[in-house]
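Chain by chain, the residues:
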Amino acid sequence: MKRSLLLWLALSWSWLAAEVYSVDIRPAGMKGRDVGSIRILDQKELIFPAISGQHFSEISDLAYLKNRHWLFMISDEGRLFRFQALFREKIRELRPLDAHRLRKKSGKKLKKWRRDTEGLCLDAKGRLYVSFEEKPRIARISYDGRIRKYLKLPKAIDSMKKMAGKNKGLEGLTWHSKYGLVTAAEYPVKAAKRTMLTLYSLRGKRWSYRRGKEPNSAVTALEVLPDGEFLILERSYTGPLDPMVITLRALDPRHCRDGLCSTRVLAHLDSSEGWAVDNFEGLARVGKNRYVMVSDDNDNFYQKTLLVYFEVVSR
C-alpha cells in the first residue's frame, strides 16, 4: 500500500510539474493552416517549472542540432536548456534532457547584469553561440553552458552606448553559410536612421531595410532560408491595451543596393485580428523549409511559452 501511494504521488507530481500540450493561436473559426507564405504544422504550450534544478521561463531563442535531435533553448536569465526533439509532420517528441546556467571559462557563474542572453545559434560544425543584450557580446559556449570564447563585434554594435537603450541591444543571432555569424540589434542603433533595421555579419557585411509600418517594430530573432535569404522575426508591441503584431519577413542579401535591401512579408499575425500571439522572440530551422518559433513568457502568470512549428510553403 505504501509503495503504491508513493508511486501515485510520483506520477501525480510529474503530471503537475511538467506538461506539453496542444494549443491553437489561430483566430476562432479559421479552418486552414496557411497564413501568407507559411503553413502552421503544430502548436504547443510548454510548462516546466524546473529542469535539472533550473527555472524554466523567459525563453528568448532556439537552436536545433538535427543529427542528434537536440533542441537548445536559452532564457533571458542565462539558462541553457536541452531537449530531445523530433519534427515530422507534427512535433513527434519534445522531452527535456538537462539544463545549465551559463558560466565563465573558470566555471564561475556570470553576474546578473552580464547574463541577459537573447540570441542562440549553431554553426556548420555544431558549435553553439549566444548573444547578450545589456552588454553587447557574442560568445561561443559549450553544450553545458561554459563560455569558451568571446568574438570581436563590428564597431557599429560593440558597446552599449551605441545602442538605442539599455534593453535594446543584440537580439537576433544566426549562422549563414556565406557570411558566418550574423546578428541584429532589437532597435536601430543611435547612429542609424530610426526608420531602418540592420543585420550585421561579424565578417563586416551589413544589410539594412525599412521598418514595418507597425509602431515600435523590432527584430527579435534571425534564421536562414534554404536559398540563403534571411528569415527575420519581428514584434510590434506598445502596451497591454494595444495589438501585438508578429511578422515573419524574408531578406535576400544578394539583391541590395547601396546597403539597402527590400524585404517580403511571409506572415503577419495580428492580435487585433484574432491571433492569440504572445511575445515571440526565438526562431530555429529544424528542416529544409521548416522552423519553430518560441515566445518569452516574461516569467509572468498571464503569458505563455508557446512553440509554433511551421513550414515556409511559398515565397
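See the structure printed just above.
Summary of the structure given here. Keep in mind it's a predicted model, so treat the numbers as computed, not measured.

### With respect to the nonpolar core
Nonpolar side chains in soluble globular proteins tend to be buried together.
Phase 1 of the analysis: Formed by 25 residues in total, the largest nonpolar core has its most connected members in Leu248, Leu283 and Phe310.
Phase 2 of the analysis: Those elements giving two or more residues to this core turn out to be β3 (38-47), β19 (230-236), β20 (245-257), β21 (260-270), β22 (280-285), β23 (290-295) and β24 (306-312).
Phase 3 of the analysis: The dominant element in this core, judged by the number of residues it contributes, is β24, at 4 residues.
Phase 4 of the analysis: When residues no more than four places from it in sequence are discounted, the contact partners of leucine 248 are Ile38, Leu231, Ile232, Leu233, Arg264, Val265, Leu266, Ala267, Leu283 and Phe310.

### With respect to the state of the cysteines
Phase 1 of the analysis: The full count for this structure, using the stated rule, is 1 disulfide.
Phase 2 of the analysis: Here cysteine 256 engages in a disulfide with cysteine 261; their sulfurs sit 2.0 Å apart. Negative torsions about the S-S bond denote left-handed disulfides, and the value of about 105 degrees found for cysteine 256 with cysteine 261 makes this one right-handed.
Phase 3 of the analysis: A disulfide-free cysteine, cysteine 121 has its sulfur positioned 20 Å from the sulfur of cysteine 261, the nearest such atom.

### Remarks on empty space enclosed by the protein
Phase 1 of the analysis: Scanning all chains against the criterion turns up 1 cavity of 30 Å³ or more.
Phase 2 of the analysis: By volume, the largest cavity is sized at about 50 Å³.
Phase 3 of the analysis: Lining the largest cavity, in full, are Ala185, Tyr187, Pro188, Val189, Ala192, Leu197, Thr198 and Tyr200.
Phase 4 of the analysis: A total of 3 residues in the lining of the largest cavity trace back to one element, the largest contributor, which is strand β16 (residues 196-201).
Phase 5 of the analysis: Within the lining of the largest cavity, the residues separate by chemical class into 7 nonpolar, 1 polar and no charged.

### Quick notes on the environment of arginine 95
Phase 1 of the analysis: Structurally, the position occupied by arginine 95 is in strand β9 (residues 91-101).
Phase 2 of the analysis: For arginine 95, a relative accessible area of 41% translates into the label partly exposed.
Phase 3 of the analysis: Counting along the chain gives 128 residues from arginine 95 to glutamate 223, while the straight-line C-alpha distance between them is 23 Å.
Phase 4 of the analysis: Those residues within four positions of arginine 95 in sequence are excluded, and the remaining contacts are Arg82, Phe83 and Gln84.

### Here's the deal with the packing of aromatic side chains
Phase 1 of the analysis: Scanning the model with the defined rule gives 13 aromatic pairs in all.
Phase 2 of the analysis: An angle of 80 degrees between the planes, with centres 5.5 Å apart, marks the rings of phenylalanine 48 and phenylalanine 56 as edge-to-face.
Phase 3 of the analysis: On the basis of an interplanar angle of 70 degrees and a centroid distance of 4.8 Å, the ring pair of tyrosine 179 and tryptophan 207 is categorised as edge-to-face. One end of the pair, tyrosine 179, is in the loop between β14 (170-176) and β15 (180-185); the other, tryptophan 207, is in strand β17 (residues 206-210), and 28 residues separate them in sequence. Each member of the pair, tyrosine 179 together with tryptophan 207, is buried.
Phase 4 of the analysis: Grouped by ring-pair contacts, the aromatic residues Phe48, Phe56, Phe81 and Phe83 constitute a single cluster.
Phase 5 of the analysis: Its guanidinium or amino end placed over the ring of phenylalanine 132, arginine 137 lies 4.1 Å from that ring's centre, counting from NZ or CZ.

### Here we look at unusual backbone geometry
Phase 1 of the analysis: In this structure, asparagine 216 takes a positive phi of about 65 degrees despite not being glycine.
Phase 2 of the analysis: Assignment of secondary structure puts asparagine 216 in the loop between β17 and β18 (218-224).
Phase 3 of the analysis: What makes asparagine 216 partly exposed here is its relative accessible area of 35%.

### Re the pairing of β19
Phase 1 of the analysis: When you tally the buried positions in β19, you get 7 out of 7 residues, the bulk of the element.
Phase 2 of the analysis: Residues Phe230, Ile232, Glu234 and Ser236 of β19 are buried on one face, and the alternating residues Leu231, Leu233 and Arg235, pointing to the opposite face, are buried as well.
Phase 3 of the analysis: The pairing of β19 with β20 spans 7 bridges and is antiparallel. When the bridges of β20 are listed, serine 236 appears paired with valine 245.

### A few points about the sheet that holds β9
Paired through their backbone hydrogen bonds, the strands of a sheet run either parallel or antiparallel.
Phase 1 of the analysis: Sheet architecture is open: 4 strands sit in the order β6-β7-β8-β9, paired in antiparallel fashion. Only two strands of the sheet have a single partner each, and these edge strands are β6 (59-65) and β9. Across the sheet, the mean angle from the axis of one strand to that of its neighbour is 25 degrees, orientation sign disregarded.
Phase 2 of the analysis: Relative to strand β7 (residues 70-75), β6 is paired through 6 bridges, and the arrangement is antiparallel. Each residue of the ladder has a partner; that of tyrosine 64, found in β7, is leucine 71.

### As for the environment of glutamate 186
Phase 1 of the analysis: Its place among the elements puts glutamate 186 in the loop between β15 and β16.
Phase 2 of the analysis: For glutamate 186, a relative accessible area of 6% gives the class buried.
Phase 3 of the analysis: C-alpha of glutamate 186 to C-alpha of arginine 235: the two residues are 49 residues apart in sequence and 9.5 Å apart in space.
Phase 4 of the analysis: With residues up to four places along the chain from it excluded, the contact list for glutamate 186 reads Glu133, Asn167, Lys168, Gly169, Glu171, Leu197, Ala218, Val219 and Arg235.

### What about the pairing of strand β12 (residues 137-141)?
Phase 1 of the analysis: Most of β12 sits out of view: 4 of its 5 residues are buried.
Phase 2 of the analysis: Note that strand β11 (residues 128-132) and β12 share 5 bridges and pair antiparallel. Residue pairing for β12: phenylalanine 132 is matched across the bridge by arginine 137.
Phase 3 of the analysis: Hairpin remark: β11 followed by β12, antiparallel, with 4 residues in the connecting loop.
Phase 4 of the analysis: Bridging between β12 and strand β13 (residues 147-150) involves 3 bridges; their strand directions are antiparallel. Looking across to β13, one finds that alanine 139 is bridged to tyrosine 150.
Phase 5 of the analysis: Following β12, the chain reverses through 5 residues before pairing antiparallel with β13; glycine 145 in that reversal takes a positive phi of roughly 90 degrees.

Reading the values: the criteria
Along each chain, residues carry numbers from 1 onward, in the same order as the chain's sequence is written. Note on the predicted model: pLDDT of at least 70 is required for a residue's local features to be given, and 80 or more for side-chain atom pairs to be given and counted; whole-chain, interface and lining totals, by contrast, use all residues. In computing side-chain properties, one takes all heavy atoms of the structure into account and sets aside hydrogens as well as water. Side-chain atoms within 4.5 Å are what join buried Ala, Val, Leu, Ile, Met, Phe, Trp, Tyr and Cys residues into a set we call a nonpolar core. Each residue gets one of three labels from its accessible area relative to the maximum for its type: buried under 20%, exposed over 50%, partly exposed in between, using a 1.4 Å probe on protein chains only. Each helix is a run of DSSP H or I of at least 4 residues and each strand a run of E of at least 2, with the numbering of both proceeding from the N terminus. What makes two residues a contact is simply this: any of their non-hydrogen atoms within 4.5 Å. Any pair of cysteine sulfurs within 2.5 Å is marked as a disulfide. Definitions used throughout: a 1 Å grid over protein atoms alone; a cavity as a set of points that fits a 1.4 Å probe which cannot get out; a pocket as an open set with protein on both sides within 12 Å along at least five of seven lines; a lining residue as one with an atom within 4 Å of a point. Grid points are joined across faces, edges and corners, and a volume is the space filled by probe spheres set on the points. Side-chain classes follow a simple rule in which Ala, Val, Leu, Ile, Met, Phe, Trp, Tyr, Cys and Pro form the nonpolar group, Asp, Glu, Lys and Arg form the charged group, and the remainder, Gly included, forms the polar group. Pairs were defined over the aromatic rings of Phe, Tyr and Trp, the Trp ring being its six-membered one, requiring ring centres within 6.5 Å. Orientation was assigned from the angle between planes: stacked under 30 degrees, edge-to-face over 60, tilted for the rest. A ring is scored as having a charge over it whenever the NZ atom of a lysine or the CZ atom of an arginine sits within 6 Å of its centre and within 35 degrees of its normal. Paired strands, in this sense, are two strands between which DSSP finds at least two bridges. Each axis is a line fitted through C-alpha atoms, taken for helices only over the stretch in contact, and angles between the N-to-C directions span 0 to 180 degrees.

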